[in-house]
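Commentary on secondary and tertiary structure
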Amino acid sequence: MKKILLIEDDVSISELQRDYLEINHFNVEIQHNGDSGLLLALQNHYDLIILDVMLPGVNGFEICKQIRAVKNIPILFVSAKKDEIDKIRGLGLGADDYITKPFSPSELVARVKAHLERFERLAGNQAKTNTIFVHGISIDKAARKVHMNGEEIPFTTKEFDLFVFLVMHPNQVLSKEQLYENIWRLDSAADVSTVTVHIRKIRGKIERDPAHPKFLETVWGAGYRFNV
């Protein structure tokens with residue numbers, strides 16, 4: 001049974017989320033305080049973590065940052081903070097998804113399942129050695145590592161998936177909707193701003209001048225293209 005850590009200060013909301021997740025055969029542990037939630041997240045094994053942003057003690061953004069520095073597991077924000085800047089900040093810190101309240105508990109369960117299945121599928125493919133070389137960059141799909149000029153460049157799970165997908169479709173214009181549906185495995189109507197955030201992060205790692213990208217190009221009004 002998959003184990004989920006839920007860090008949410010609203011007791012009624014956390015219990016509702018737990019009930020729906022447990023009905024779908026997940027083992028859920030709840031923490032209502034950011035400090036204790038962060039401690040458990042760092043010390044114990046969880047398959048996925050659900051975070052609120054506004055918490056007593058350490059806030060959700062800082063928790064996400066510290067978890068992502070040491071663990072590569074799915075992290076989902078569920079928050080009442082709806083401003084675009086908050087969503088961009090959360091995704092920029094390495095979260096895999098950002099759901100705003102109010103939300104459907106069934107939607108939360110669907111997203112949890114989608115992220116876990118995606119993570120497991122990628123982990124199961126690690127035995128297949130397949131290295132891509134492009135623009136002085138080597139991408140080891142089996143080890144899920146990226147090197148540029150001999151130096152390893154750290155990528156989060158979704159950054160790596162998105163980068164590989166773009167590289168595997170060279171010189172093709174891919175819309176945000178296409179990228180979202182293929183990488184996040186969810187309906188593109190959900191939130192394609194996630195793609196924009198991850199593209200910017202990838203450019204910061206592979207482009208000499210991210211403000212004027214040479215490899216990962218924006219095709220205005222259409223999407224993105226990886227040039228080879």
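It should be noted that the structure appears before, not after, this text.
Quick summary incoming for the structure in this document. Along every chain, residues carry numbers that run from 1 in the direction the sequence is written. Side-chain atom pairs in this predicted model are given and counted only at pLDDT of 80 or more, local residue features only at pLDDT of at least 70, and totals for whole chains, interfaces and linings cover all residues. Side-chain numbers come from the whole structure's heavy atoms, not from hydrogens or water.

1. Re the overall build of the protein chain
In terms of regular secondary structure, the protein chain is built from 8 helices and 11 strands. Each radius of gyration reported is based on C-alpha atoms, and the globular scaling rule is 2.2 Å times the count of residues to the power 0.38. By the compact-globule yardstick of 17 Å for 228 residues, the protein chain fits well, its C-alpha radius of gyration being 18 Å. Expressed as lengths along the three principal axes of its C-alpha atoms, the size of the protein chain is roughly 50 × 40 × 30 Å. Relative accessibility decides the category of a residue: with a 1.4 Å probe and only protein chains considered, values under 20% of the type maximum give buried, values over 50% give exposed, and everything between is partly exposed. Looking at the 228 residues of the protein chain, the share that counts as buried comes to 50%. It only takes one pair of heavy atoms within 4.5 Å for two residues to be counted as in contact. In the protein chain, the share of contacts with a sequence separation of at least 24, taken over all contacts with a separation of at least 6, comes to 57%. With the model as given, the accessible surface of the protein chain reaches about 10800 Å², and the carbon-plus-sulfur share is 51%. Positive residues here are Lys and Arg, negative ones are Asp and Glu, while His and the chain termini are left out of the count. Positions of charges follow a simple convention, taking NZ of Lys, CZ of Arg, CG of Asp or CD of Glu. Measuring between centres, the 29 positive side-chain charges of the protein chain sit 6 Å from its 31 negative side-chain charges. Only DSSP runs of H or I covering at least 4 residues are called helices, and only runs of E covering at least 2 are called strands; the numbering of each starts at the N terminus. In these tables, accessible area is a Shrake-Rupley quantity obtained with a 1.4 Å probe, and a residue counts as shielded only by the protein chains included in the view.

2. Focus on the sheet that holds strand S9 (residues 151-153)
Pairing between two strands requires that DSSP report at least two bridges joining them. Here 4 strands make up an open sheet; going across it, the order is S6-S7-S8-S9 and the pairing antiparallel. In this open sheet, the two edge strands, each paired with only one partner strand, are strand S6 (131-134) and S9. In this sheet, neighbouring strand axes are inclined to one another by 25° on average, regardless of whether the strands run parallel or antiparallel. Axis lines are fitted through C-alpha atoms, for helices just across the contact stretch, and the angle between N-to-C directions can take any value from 0 to 180 degrees. On top of the sheet, helix H6 (residues 157-167) reaches S6, strand S7 (137-140) and strand S8 (145-148); it is set at about 115° to S7, its chief contact.

3. Notes on the packing of aromatic side chains
Note on ring pairs: Phe, Tyr and Trp rings are taken, using the six-membered ring of Trp, and paired if centres are within 6.5 Å. Classes follow the plane angle, with under 30 degrees stacked, over 60 edge-to-face and the rest tilted. The full count for this structure, using the stated rule, is 5 aromatic pairs. Judged by centre distance (5.4 Å) and plane angle (10°), the rings of Tyr180 and Trp184 are stacked. Take Trp184: its relative accessible area is 1%, and that puts it in the buried class. Here the aromatic residues Phe61, Phe77 and Tyr98 are joined through ring pairs into a cluster of three or more. Placement of a charge over a ring requires the Lys NZ or Arg CZ to be within 6 Å of the ring centre, with the centre-to-atom vector within 35 degrees of the ring normal. Taking the ring centre of Phe155 as reference, the NZ or CZ of Lys205 above it sits at 5.0 Å.

4. Description of unusual backbone geometry
Omega for the bond connecting Lys101 with Pro102 falls within 30 degrees of zero, at -5°, which places this linkage in the cis form. On the secondary structure map, Pro102 appears in the loop between strand S5 (97-100) and helix H5 (105-124). Positive phi, close to 70°, is recorded for His25, a residue that is not glycine. One can find His25 in the loop between helix H1 (11-23) and strand S2 (27-31). We note that His135 has phi near 55°; this positive angle belongs to a residue other than glycine. Residue placement: His135 occurs in the loop between S6 and S7.

5. Regarding the environment of Tyr20
Inspection of the secondary structure assignment puts Tyr20 in helix H1. Look at Tyr20 and you get partly exposed, because its relative accessible area is 33%. Spatially, the C-alpha atom of Tyr20 lies 7.1 Å from that of Val109, the residues being 89 residues apart in sequence.

6. Comments concerning the nonpolar core
Soluble, globular proteins show a tendency: their nonpolar side chains are buried together. Residues enter a nonpolar core if they are buried and are Ala, Val, Leu, Ile, Met, Phe, Trp, Tyr or Cys, with the set joined through side-chain atoms within 4.5 Å. Ile139, Phe155, Phe163, Leu166, Leu179, Ile206 and Phe226 are the most contacted members of the largest nonpolar core, which totals 29 residues. For this core, the secondary structure elements donating two or more residues are S6, S7, S8, H6, helix H7 (176-183), helix H8 (193-206) and strand S11 (223-226). It is H6 that contributes the most residues to this core, 7 residues altogether. With 22 residues, the next largest nonpolar core counts Leu5, Ile67, Phe77 and Ala95 among its residues.

7. Considerations on the pattern of salt bridges
Between Lys or Arg on one side and Asp or Glu on the other, a salt bridge is scored when a side-chain nitrogen of the former is within 4 Å of a carboxyl oxygen of the latter. In the structure shown here, the tally under the stated rule is 12 salt bridges. Notably, a salt bridge pairs Lys101 with Asp52, separated by 3.5 Å at the nearest N-O pair. Placement of Lys101 in the loop between S5 and H5 and of Asp52 in the loop between strand S3 (48-51) and helix H3 (60-70) is noted, with a sequence separation of 49 residues between them. Just as Lys101 is buried, Asp52 falls in that class too.

8. Digging into the environment of Val228
Here Val228 lies in the segment after S11. For Val228, the residues in contact, after removing those within four places along its chain, are Val134, His135, Pro170 and Asn171.

9. Description of the sheet that holds strand S4 (residues 75-79)
Sheet architecture is open: 5 strands sit in the order S2-S1-S3-S4-S5, paired in parallel fashion. At either end of the open sheet lies a strand with only one pairing partner, and these are S2 and S5. For this sheet, the mean angle separating the axes of adjacent strands, direction not counted, is 20°. The pairing of strand S1 (residues 3-7) with S3 spans 4 bridges and is parallel. What sits directly across from Ile7, in S3, is Leu51.

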